[in-house]
Amino acid sequence: MARRIRTTKNLAKRMDLQYFKQAHPLRSWRLWLSILVPVVAAGWFTAQRATSQKIYGSGPLSAAHAVLGKKCDVCHATTLGFFHAKVSDNACSKCHDAPAHHADKVAFTVGCGSCHIEHTGSPRLASTQDASCVQCHADLRTRSGNPQYVRAVKDFDKEHPEFAALRPGAHDPGQIKLNHYAHLKPNLAGPTGPVQMDCQDCHRVAAVGGAWPYAMPQVVSQHEAAAASTSADLKHSHSQDYMAPILYVNQCAGCHVKDLQFDRRFDQAAPHDKPDVVQAFLIQKYSDYFASHPRALAEAVAPERILPGKMKLPLPVPHNRQEWMDQQIMLADRLLFDKGCKLCHVMLEGQGADGKTTEGKAALPMVAKSSIPARWFLHAEFSHDSHRLLTCTACHNRTPESRQTADILLPGIASCRSCHEDSGAQHDAASGRCSECHSYHDWTKERPTKGKFTIQQLRAAK
Amino acid sequence: MRIDETHRKWFIGSLAALVVAAAVYVPYSRNAPEGANGGTVAGLIYGSVASAFMLFAGLLGARKKVPIWRVGRAQAWMRGHLWLGFLSFPLILFHSGFRFGVGLTKGLMWLFVVVFVSGIVGAVLQHFMPRLTTQRIPLETIYEQIGRVRSQLVAEAQTLIEEGSAALRGSVSRATEQQRAASASAGTIGGLTVASGLQVDEGASIQLQDFFRREMQPYIAHGGSKGMALADRNRSQAMFQQLRVLLPPNMHPSVDDLENICEEKRELDQQTQYHRILHAWLLVHIPASYALLLLGAVHAVMALRY
């Protein structure tokens, strides 16, 4: 039986009543650490600040601006005295000077930073969030009160209108008669025999080089040479994104040159050019022929092929060079302008060069401008190259059965939605962000900027 | 501080505030063109409120330093520290859009994680450990006095050993009254005559002193003493049982006292261990909190600049 008894009195006697005044390891550690840790933190901050201003950054810069990581004041210029250094629109426009989106029409224009969120490590700063666009386009207000575009667009998945070219009332402005169905039939008469045509025989992105399989064997006029090498209608296009324009010399001539043959006495076909050029070509050809064939007046005059419309045959015998020339050119004109050209072109009969009807002497016809749209999306970007893993008919599925020129073969928004979703990669889908197709700024009006840094200045740590 | 019924109002208030903050955050983060971040109006509001809560939580230290301040009861401050400090973390996440950022903001967020997690650990420990300590350590004393009590235990044991040794050597003059009384009353225990008076046993005396010098004195004098034989209750009991066999029955009360001293020392060691567990988190929480407040102030100023 232990004799030690713990009474309160006994215990109290053990205590040093001043114990709380004495240093104790745990309290001492707490005190010193409470001094040391903030000092270390302040030291870390000071050391970081001494080498770079990045310590203040809220996140990594976008890929395009990463090179400015050591030069914060390029964008964060000090204004309003010494303290304020927020990024202003002026700082952005020093390098990216482009007019804002419909600046003259929209009710208000947002600042650059409200859509292009920097310091989030974005690989592409131009890829803005849909919310940036929807803040206006969900209920579009303009200064005039009547927006030119659909008033409410909230997302791509559900609340985006059908493409303008496919809405009721829209029509194909093209004036070339083309039957896709006929062109895709097997055993078409090709330049050297039967052929099976493919989409890419006529439609390729502009950047793809190489010969066109149904191109003109040789360029015959300066006009055609120029046409073959330019993409006149391809405004703001990227050569990898849009199809090369359809040109007679590139895509048609290989097969259709025979439609410009006008007289078996000549190997050369008429040029694919304006009527007055064709007419001058014919006059020149027949003048040369008459000069080199003294018995031309005695040769029987007969049309090259069956002519359209009614004509009294045989034609009267010409008595002189002028009558012979008139007959030859009349026959060639009818063969070309009334048949060959009309196969593809819309001819505006009886109109002069100024478009007015001429009376008396038969006027040369006018050929309606082909007006094949180089781009169907006038307010959106599209890249065929990005979609190259797909077959053409995967999207343009109505094309093989299209018989009418007026058929608009642009895929509808439903086709795009098959792959593109707002949530994008999260749903194993392509992005459906506004910025995938639409650009806010009108970059055609971008003004040039003048650089002001040397590499050393830009890369020097500050 | 135990989180009990008295925290009900704080808990409900904090939960309601958190729900409101989250309810505002969801549409805000979805609709803000630039996404949720500290630079938006909503982001600044979240940041400001969270900073105010953190500052209040930080002022608890000052409140404790000056207990006579008439600024509310210490318990109310503690509850405020606990719940507002807890609330400040989700608010800061709403402020940052759940991003840690880079540079200073990244440092701040990690510091805050350290402060928040250590605070949670501390709150859990403060809830459970005091009761556990009371249950398991009946001989609990003031933590800061443990060293002093240990010295007293050494002195007490020393006295018992010296008295016992003297008695064993036959020095009646050095035997205590109790020992003399015990010897006088010694008789038959359990049918066996174990003693008839103070024994004279020089060998036992030497062994008793040897036991004290080699085992008991080092064990009691030093804190922790992990690995020593007497730190283990079972081994300790076995050792004292051997001592009882060695010593005459009239010495057994002294042996019991010595064993009791060792038991008290074991409890002091356990109290030390519990105290360290209960308070070690403060070595992380408080310094990190000061660093957080310091760098947070820098962040607030520089965020206004940039």
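Computed from a predicted model, the values in this text were never measured in an experiment. Each chain carries its own residue numbering, running from 1 in the written order of its sequence. Each chain takes a letter, starting from A, and each ligand takes a number, starting from 1, following the order in which they are written. Owing to the predicted nature of the model, reporting of local features is limited to residues with pLDDT of at least 70; listing and counting of side-chain atom pairs is limited to 80 or more, with chain, interface and lining totals taken over all residues.

Caption draft 1: A look at the overall build of chain B. Each helix is a run of DSSP H or I of at least 4 residues and each strand a run of E of at least 2, with the numbering of both proceeding from the N terminus. Scanning chain B for helices and strands turns up nine helices and two strands. What you see in chain B, going N to C, is helices and strands ordered as α-α-α-α-α-α-β-β-α-α-α. In this scheme the burial state of a residue depends on its C-beta neighbours within 10 Å: 20 or more other such atoms mean buried, 12 or fewer mean exposed, and anything in between means partly exposed; the C-beta positions come from the backbone. With 306 residues in all, chain B has 31% of them scored as buried. In this description, any two residues whose backbone-derived C-beta atoms lie within 7 Å of each other are considered to be in contact. By sequence separation, contacts in chain B at least 24 residues apart represent 73% of the contacts at least 6 residues apart.

Caption draft 2: Focus on the overall build of chain A. Counting secondary structure elements, chain A contains 13 helices and six strands. With 462 residues in all, chain A has 14% of them scored as buried. A fraction of 64% describes how many contacts in chain A between residues 6 or more apart in sequence connect residues 24 or more apart.

Caption draft 3: Local environment of the interface of chain A and chain B. With 42 residues of chain A at the interface, the matching set in chain B holds 38 residues. Sort the elements by how many residues they give to the side of chain A that touches chain B and helix α2 (residues 25-51) of chain A lands first, with twelve residues. Split by residue class, the side of chain A that touches chain B holds 22 nonpolar, twelve polar and eight charged. Under the scheme applied, nonpolar residues are Ala, Val, Leu, Ile, Met, Phe, Trp, Tyr, Cys and Pro; charged residues are Asp, Glu, Lys and Arg; polar residues are all the others, including Gly.

Caption draft 4: Geometry of the confidence of the model for chain A. All names here are of chain A. You can read pLDDT as the predictor saying how much it trusts each residue, on a scale of 0 to 100. For chain A, per-residue confidence averages 83 on the pLDDT scale, and residues scoring 70 or more make up 87% of the total. In this model, residues 231-237 is a region of pLDDT below 50 whose contacts with residues beyond four sequence positions or in other chains number 13 contacts. Low pLDDT, under 50, characterises residues 352-360; the stretch is placed with nine contacts to residues that sit more than four places away or in other chains.

Caption draft 5: Quick look at the nonpolar core. Connectivity within a nonpolar core runs through C-beta atoms within 7 Å, and the core itself is a set of buried Ala, Val, Leu, Ile, Met, Phe, Trp, Tyr and Cys residues. In this structure, L111(B), F112(B), A291(B), L292(B) and L295(B) are the most contacted members of the largest nonpolar core, which totals 33 residues. For this core, the secondary structure elements donating two or more residues are α2 of chain A together with α2 (41-65), α3 (74-96), α4 (103-136) and α9 (252-305) of chain B. Examining the composition of this core, we find that eight residues originate from one element, α3(B), more than from any other. Non-local contacts of L295(B), meaning those with residues more than four positions away in its chain, are made with A41(A), F45(A), L104(B), G107(B), L108(B) and L111(B). In this structure, L160(B), A204(B), F212(B) and C262(B) belong to the second largest nonpolar core, which totals 24 residues.

Caption draft 6: The packing of helix α9 (residues 275-292) of chain A against helix α10 (residues 321-340) of chain A, seen in detail. Residue and element names in this part refer to chain A. Taken N-terminus to C-terminus, the directions of α9 and α10 make an angle of 140°; their axes are 10 Å apart at the nearest point. Between α9 and α10, the angle is such that the two are oblique. The way α9 lies across α10 gives a crossing that is right-handed. Note on element contacts: α10 touches α9 through R321, W324, M325, Q328, I329, A332, L336 and F337, opposite P275, V278, L282, I283, Y286 and F290. Taken together, the residues that form the contact of α9 with α10 break down as twelve nonpolar, one polar and one charged. Interaxial angle, 0 to 180 degrees, is taken between N-to-C directions of lines fitted to C-alpha atoms, where a helix line uses only the stretch in contact. Note on angle classes: values under 35 degrees are labelled roughly parallel, values over 145 roughly antiparallel, values of 65 to 115 roughly perpendicular, and the remainder oblique. Here is the rule for handedness: rotate from the far helix to the near one, and if that takes an anticlockwise turn smaller than a right angle the crossing is left-handed, while a clockwise turn gives right-handed.

Caption draft 7: Representation of the confidence of the model for chain B. All names here are of chain B. Here chain B averages 86 in pLDDT, while 90% of its residues score no lower than 70. Mean pLDDT in chain B bottoms out at strand β2 (residues 192-193), which sits at 38, and peaks at helix α1 (residues 8-31), which reaches 94. In the predicted complex, the global pTM is 0.67; the interface-specific ipTM is 0.82.

Caption draft 8: Local environment of the packing of α2(B) against α3(B). Residues and elements named next belong to chain B. Between α2 and α3, the shortest axis-to-axis distance is 8 Å and the interhelical angle comes to 150°. With respect to α3, the element α2 is oriented roughly antiparallel. When you trace α2 past α3, the crossing you get is left-handed. Counted by class, the contact of α2 with α3 contains 16 nonpolar, seven polar and one charged residues.

Caption draft 9: Region of the structure containing helix α7 (residues 202-221) of chain B. Residue and element names in this part refer to chain B. Here α7 spans 27 Å end to end across 20 residues, near enough to the 28 Å set by a 1.5 Å rise per residue. Along its length, α7 reaches its greatest deviation from straightness, about 40°, at F212. Taken together, the buried positions of α7 are occupied by A204, S205, L208, F212, M216, Y219 and I220. In the core, the buried residues of α7 are packed alongside α5 (146-168), α8 (233-246) and α9. Every helix has an expected span of 1.5 Å times one less than the residues it contains. Think of it this way: the bend at a residue is just the angle between two axes, each fitted to seven residues, one set ending at that residue and the other starting at it.

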